[in-house]
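Examining the three-dimensional arrangement
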Amino acid sequence: MAPPSEHPDAAANDPTEQGSAAGVDPAAPAHDAGAATSSPGEPAAPAAAEASPVSRQASSGPRGRVVALTGAASFLGRNLIGILEEDPRIERVVAIDIKPPDTGGSKLRLHTVDLTAPASEERVAEVLAAEQVDTLVHLGFLSSPTPATAWAHELESVGTMHLLHGARQASLRKLILWSQTILYGAHPTNPNFLTEKHPLRADPEERFFADKMAAEREFNAFGAKAKGTTVTILRTAPILGPTVQNYLTRYLARRLVMTMLGFDPLWQFIHEVDAIAAFKLAIDSDFPGTFNIVGDGVLPVSTIVRLAGRTPFPVLHSAAGPLVAALWAAHAAIAPPSFLRYLRYVCVADGEKAARVMGFRPVYTTREALLDYTSAQRLRDVRLLQETPA
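These figures come from a predicted structure and were not determined experimentally.

Here's the deal with the packing of aromatic side chains
Counted by the stated rule, this structure contains ten aromatic pairs. Residues Tyr247 and Phe339 carry aromatic rings whose centres are separated by 5.2 Å and whose planes lie at 70° to one another, so their mutual orientation is edge-to-face. In this pair, Tyr247 is assigned in helix 6 (residues 247-253) and Phe339 in the loop between helix 9 (317-329) and helix 10 (352-358), connecting sequence segments 92 residues apart. With respect to class, Tyr247 is no different from Phe339; both count as buried. Measuring from ring centre to ring centre gives 6.4 Å for Trp267 and Phe269, while their planes differ by 75°; the resulting arrangement is edge-to-face. Comparing Trp267 with Phe269, the two get one shared label, buried.

As structure tokens, then:
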């Protein structure tokens, strides 16, 4: 889903999109990893948020829950930490990242861990044991594609292996993984709604998809061997809302929005508030297995572009591929050519299992999530609303 072009440095060097995803080297090209951090103008989190893994004061009375998060400085991580801080059942929130989230309070313990480093599994095991973590939420993933594919592979695929090797040495009660419904892939043979039983058929040559699918395989293998550990995988639809930023929000922020001539597939979204609520639900209760987390309803791309107040730019699909490939190579496109399939074919997931098993029911429909995003974007268009890091 790439527009005709954007500034060559927009995707790679937007300070509101640079992040830390539990192991992103600040010197490495950070591209709105599920770990985007605060912009340079924002104050850093208080130093008091940091704590040595061995210098922790024992709590009095019955011990509460201890939840650790990778990608703690990401959009999902920051907001989850804010909610967990307010939950009286949570004793500590452990951030495993290279930067502190800006939502930390008195419960937060920050441990600097670079998941791309070979020694990170030992460090993870040390942190989990020292903090007596019972629940680990893995959010250290890119929310948008990046041309830095080697680094992305080290972060997402290899980083997940390091994390799980460290987790094997701890007595975890629960593991939760963030995944995405776009991993089902956009295909002309897709049914109207894809269930959790359908295979993941996103382009295996595209690193953005392949690394996330590899992470799911690693988690499923861990769950098959780890007795007494609940493993939950939440596949969210594309997240949309007034404050999140990713490839989708950048796509809809363009005045001219590329579409495929002769194609008008259905899309679905999950509102940012509902995505966060689903993770909190999985933290609070045990739901082993994989769940699609989606908003109710679908919209055709033509309607989405119209409701966003944008102008469609139809392109022949035979010409779009080479065009976007050249722009992507020049760092001038939002996403690589593999995303163009989502402008041609349907990739819509069924949320029935999450509703039936987890009791998850989104507050916002797909249409309402889009309209909430659009209202905020219109203010940004006239510079009445400042960008919020995602």
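Past the structure itself, the notes keep going.
Description of unusual backbone geometry
The general pattern is negative phi for most residues beyond glycine and trans for most peptide bonds. Although it is not a glycine, Gln132 sits at a positive phi angle of roughly 55°. Within the secondary structure, Gln132 sits in the loop between helix 3 (120-131) and strand 4 (135-138). Given a relative accessible area of 42%, Gln132 falls into the partly exposed group. Positioned with a positive phi, His331 is a non-glycine residue whose angle comes to about 60°. Mapping His331 onto the fold places it in the loop between helix 9 and helix 10.

Some words on the sheet that holds strand 11 (residues 289-293)
Ordered in space as 3-2-1-4-5-6-11, the seven strands form an open sheet in which the pairing is parallel. Here the strands that pair on one side only, and so sit at the sheet edges, are strand 3 (108-112) and strand 11. Direction aside, the axes of adjacent strands within the sheet are offset by 20° on average. Here seven bridges tie strand 5 (residues 174-180) to strand 6 (residues 230-236), and the two strands are oriented parallel to one another. Each residue of the ladder has a partner; that of Trp178, found in strand 6, is Leu234. Packed onto the sheet, helix 7 (residues 272-284) meets strand 1 (65-70), strand 4, strand 5, strand 6 and strand 11 and runs at close to 160° relative to strand 5.

Concerning the pairing of strand 1
Among the six residues of strand 1, six are classified as buried, and the element is accordingly described as predominantly covered. Two strands pair when backbone bridges link them, and strand 1 and strand 2 (residues 90-97) are joined in this way by six bridges, in the parallel orientation. Bridged to Leu69 within strand 2 is Ala95. Crossover connection from strand 1 via helix 2 (residues 75-85) to parallel strand 2: handedness right-handed. Where strand 1 and strand 4 come together, four bridges link them in parallel fashion. Considered in strand 4, the bridge of Val67 is made with Thr135.

A look at the environment of Arg78
Inspection of the secondary structure puts Arg78 in helix 2. Polar contacts involving the side chain of Arg78 include one to the main-chain carbonyl oxygen of Ala73, which spans 3.5 Å.

Considerations on the environment of His162
On the secondary structure map, His162 appears in helix 4 (residues 149-167). The class of His162 is buried, set by a relative accessible area of 11%. Distance from His162 to Arg123, taken between C-alpha atoms, is 9.6 Å for residues 39 residues apart in sequence. In this structure, His162 is in contact with Leu115, Thr116, Ala117, Pro118, Ser120 and Glu121, ignoring residues within four places of it in sequence.

Some details on the side chain of Gln268
Positionally, Gln268 belongs in the loop between strand 9 (266-267) and strand 10 (270-271). For Gln268, a relative accessible area of 3% translates into the label buried. Here the side chain of Gln268 touches Ala349 through a polar contact of 2.5 Å, landing on its backbone nitrogen. Not counting residues within four places of it along the chain, the set of residues in contact with Gln268 comprises Ala237, Pro238, Val294, Gly295, Gly297, Val298, Val348, Ala349 and Thr366.

Points about helix 11 (residues 366-381)
Two residues of an α-helix separated by three or four positions point the same way, owing to the 3.6 residues in each turn. Over its 16 residues, helix 11 extends 22 Å from the first C-alpha to the last, a length consistent with the 22 Å expected when each residue adds 1.5 Å. When helix 11 is considered as a whole, its buried residues turn out to be Thr366, Ala369, Leu370, Tyr373, Thr374, Ala376, Gln377 and Arg380. At its buried positions, helix 11 is contacted by strand 7 (239-240), helix 6, strand 9, strand 10, strand 12 (299-300) and helix 8 (301-307). Positive phi shows up at Arg383, right after helix 11, with a value of about 60°.

Topic: the side chain of Thr232
Within the element layout of this structure, Thr232 appears in strand 6. Looking at Thr232, its side chain comes within polar contact range of the main-chain oxygen of Phe287, at 2.6 Å. If we ignore the near neighbours within four places in the chain, the residues touching Thr232 are Leu175, Ile176, Leu177, Ala282, Phe287, Pro288, Gly289 and Phe291.

Digging into the confidence of the model for the protein
Looking at the protein as a whole, the pLDDT averages 86, with 82% of positions reaching at least 70. Scored below 50 in pLDDT, residues 2-61 makes 167 contacts in the model with residues more than four places away or belonging to other chains.

Considering helix 3
Under the 1.5 Å per step criterion, the end-to-end length of helix 3 is 16 Å for twelve residues, consistent within 8% with the ideal 16 Å. Buried within helix 3 are the following residues: Ser120, Glu121, Val124, Ala125, Val127, Leu128, Ala130 and Glu131. Immediately downstream of helix 3, the backbone of Gln132 shows phi near 55°, a positive value.

Quick notes on the rules
Residues numbered from 1 in each chain as written. Predicted model: local features only at pLDDT ≥ 70, side-chain atom pairs only at ≥ 80, totals over all residues. Heavy atoms only, no water. Phe/Tyr/Trp six-rings, centres within 6.5 Å; stacked < 30°, edge-to-face > 60°. Helix = DSSP H or I, 4+ residues; strand = E, 2+ residues; numbered from the N terminus. Buried < 20%, exposed > 50% of the residue type's maximum accessible area, 1.4 Å probe, protein only. Pairing = 2+ DSSP bridges. Axes fitted to C-alpha atoms, helices over the stretch in contact; angles between N-to-C directions. Contact = heavy atoms within 4.5 Å. Right-handed = clockwise from strand over helix to strand, strands pointing away. Polar contact = N/O pair within 3.5 Å; in protein donor to acceptor, adjacent residues only side chain to side chain. Expected span 1.5 Å × (residues − 1). pLDDT = per-residue confidence, 0-100.

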